[in-house]
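# Working through the structure, step by step
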Amino acid sequence: MIKVAINGYGTIGKRVADAVAAQKDMNVIGVSKTRPSAEAFIAKQRGYPLYIADISKKAAFEKVGLAVAGTVEEMCLAADVIVDATPGDVGATNKPLYEKLGKKALWQGGEDHEVAGFSFNSSCNYKDAIGRQFVRVVSCNTTGLCRIINEIDREFGVAHVHAIMVRRGSDPGEIKKGPIDAVVLDPVTVPSHHGPDVLSVLPHISITTMAMIVPTTMMHMHAIQITTKKEVTRDRVIDLIKKHPRLGLVKKSAAIKSTAELKEFAMDLGRQRADLYENCIFEDSIYANKTELCFFQAIHQEADVVVENVDAIRAMTGLEKDAATSIRMTNAALGFSPIQNNH
Ligand code: NAD
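Computed from a predicted model, the values in this text were never measured in an experiment.

## Digging into the overall build of the chain
Per the secondary structure count, the chain includes 13 helices and 16 strands. Compactness check: the chain gives a C-alpha radius of gyration of 20 Å against a globular reference of 20 Å for 343 residues, within 12% of the reference. Projecting the C-alpha coordinates of the chain onto the three principal axes gives extents of approximately 65 × 45 × 40 Å. The buried share among the 343 residues of the chain stands at 55%. A separation of at least 24 residues holds for 73% of the contacts in the chain among residues at least 6 apart in sequence. Total accessible area computed for the chain in this model is approximately 14,400 Å², and 54% of it derives from carbon and sulfur atoms. Distance from the positive charge centre (41 side chains) to the negative charge centre (40 side chains) of the chain: 3 Å.

In structure tokens, the structure reads:
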């Protein structure tokens with residue numbers, strides 16, 4: 001049983017904790033919070049021991065009925081692997097602690113590639129993560145891009161990718177981010193950071209990305225155009241998506257044409273937190289003509305990286321050497337099957 005500590009129990013950390021707890025080969029030995037909050041009560045309800053970075057705040061936690069198991073350092077010491085899900089750029093400041101304790105750690109996409117020196121995606125480079133001390137799970141957008149680009153590249157060869165990301169302004173629970181009423185170019189310049197980030201996993205891919213932020217919290221939407229090396233057919237692309245454990249096909253029959261309807265569907269399906277771990281590729285948008293392939297895909301920013309974190313833990317600890325087996329185990333433990341199997 002691999003002992004996992006979650007340093008930073010927020011949007012990503014709380015989901016990774018539940019996903020780890022659902023697996024048969026790993027368990028959660030603790031989660032960390034900086035202050036008592038609603039999420040800290042969820043940790044208590046789930047039975048995850050609660051640790052805090054600043055022990056002088058212990059009284060504030062205990063005052064509201066939250067038992068404190070110890071410091072973040074004590075939590076990390078007791079773990080085999082630390083999932084760092086603290087806010088972007090904070091994670092890097094924790095690296096000296098993980099080094100001092102000689103522990104394995106994985107970070108999220110808010111950190112630079114350099115923090116771990118290895119950027120991970122289960123479908124693309126699982127084997128290269130085996131036995132590593134440090135790994136970075138790439139961001140939600142990069143995860144969504146890597147999954148589909150890699151699949152198209154293996155089958156048809158990718159000459160170039162042009163992707164436009166329409167990004168959510170904030171996560172649903174965030175009240176201090178925006179925009180409320182604007183389309184913000186993020187950045188104005190081209191390429192956005194997503195293209196270079198894809199290269200941290202798939203260095204041989206030619207890609208240009210552009211990004212903007214809009215007033216929505218539900219999901220990102222990608223408009224993707226791929227020039228392939230071999231002729232591409234729509235039927236084969238649909239076939240590839242249907243066979244992939246983390247690619248979802250939003251079938252024409254569902255008559256879904258928005259992120260809002262997708263999230264409603266996820267809620268109705270009874271998915272925990274209405275999470276969509278898979279890329280949601282709209283069947284009707286898939287257009288193939290000679291070497292040109294276009295489609296829309298929606299990416300649930302809070303969810304797609306969660307399953308990748310679980311696989312990364314298995315690879316780093318050597319629990320499982322085969323990517324497909326780990327992906328299958330992770331999905332099965334969560335009762336997750338891509339969206340096309342539900343309609
Ligand atoms: P979040 O703000 O929701 O959660 C971060 C948690 O870390 C909070 O519980 C906070 O209390 C805690 N924290 C803050 N400072 C800390 C410290 N010094 N030590 C320990 N804990 C501390 O953030 P998030 O959205 O979950 O993002 C975490 C990471 O995941 C970031 O790198 C982010 O870029 C990445 N990520 C986020 C999303 C998303 O859509 N939210 C998607 C993919 C990747």
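## A closer look at the packing of aromatic side chains
Where two aromatic rings form a pair, the distance of their centres and the angle of their planes describe that pair. All chains considered together, the criterion is met by five aromatic pairs. For the pair Tyr 9 and Tyr 48, a centre-to-centre distance of 6.3 Å together with 75° between the ring planes defines the contact as edge-to-face. With Tyr 9 in the loop between strand E1 (2-7) and helix H1 (11-21) and Tyr 48 in the loop between helix H2 (38-46) and strand E3 (50-52), the pair connects residues that are 39 residues apart, well separated along the chain. Here Tyr 9 and Tyr 48 have matching classes, each one buried. Ring geometry for Phe 120 versus Tyr 126: centroids 6.2 Å apart, planes at 55°, classification tilted. Given a relative accessible area of 2%, Tyr 126 falls into the buried group.

## Focus on the sheet that holds strand E8 (residues 134-137)
Taken together, eight strands build an open sheet; the order of strands is E4-E3-E2-E1-E5-E6-E8-E7 and the sheet is parallel. Each end of this open sheet is capped by a strand with a single partner; those strands are strand E4 (70-71) and strand E7 (119-120). Alignment of E1 against strand E2 (residues 26-33), held across five bridges, turns out to be parallel. Paired with Ala 5 across the bridge in E2 is Gly 30.

## A look at the site of the ligand
Close to the ligand lie 21 residues, the nearest being Thr 11, Ile 12, Lys 33, Arg 168 and Asp 171. In this structure, Tyr 9 approaches the ligand through a main-chain N or O atom, which is 3.2 Å from an oxygen atom. At 2.9 Å from an oxygen atom of the ligand is found a side-chain nitrogen or oxygen belonging to Thr 11. With the chains in place, 80% of the 820 Å² that the ligand exposes on its own is no longer accessible. Only H1 and E2 provide two or more residues apiece to the shell around the ligand. Residues belonging to the shell around the ligand are distributed by class as follows: seven nonpolar, eleven polar and three charged.

## Brief notes about H1
Among the eleven residues in H1, nine count as buried, and that is most of the element. On its buried side, H1 packs onto E1, E2, H2, strand E5 (81-84) and helix H12 (304-317).

Conventions used here
- Residues numbered from 1 in each chain as written.
- Predicted model: local features only at pLDDT ≥ 70, side-chain atom pairs only at ≥ 80, totals over all residues.
- Heavy atoms only, no water.
- Helix = DSSP H or I, 4+ residues; strand = E, 2+ residues; numbered from the N terminus.
- Rg over C-alpha atoms; globule rule 2.2 N^0.38 Å.
- Buried < 20%, exposed > 50% of the residue type's maximum accessible area, 1.4 Å probe, protein only.
- Contact = heavy atoms within 4.5 Å.
- Areas by Shrake-Rupley, 256 points an atom, 1.4 Å probe, with all protein chains shown as cover.
- Lys, Arg positive; Asp, Glu negative; His and termini not counted.
- Charge placed at Lys NZ, Arg CZ, Asp CG, Glu CD.
- Phe/Tyr/Trp six-rings, centres within 6.5 Å; stacked < 30°, edge-to-face > 60°.
- Pairing = 2+ DSSP bridges.
- Near = heavy atom within 4 Å.
- Polar contact = N/O pair within 3.5 Å; in protein donor to acceptor, adjacent residues only side chain to side chain.
- Nonpolar A, V, L, I, M, F, W, Y, C, P; charged D, E, K, R; others polar.

Purely geometric numbers; function is a separate question.
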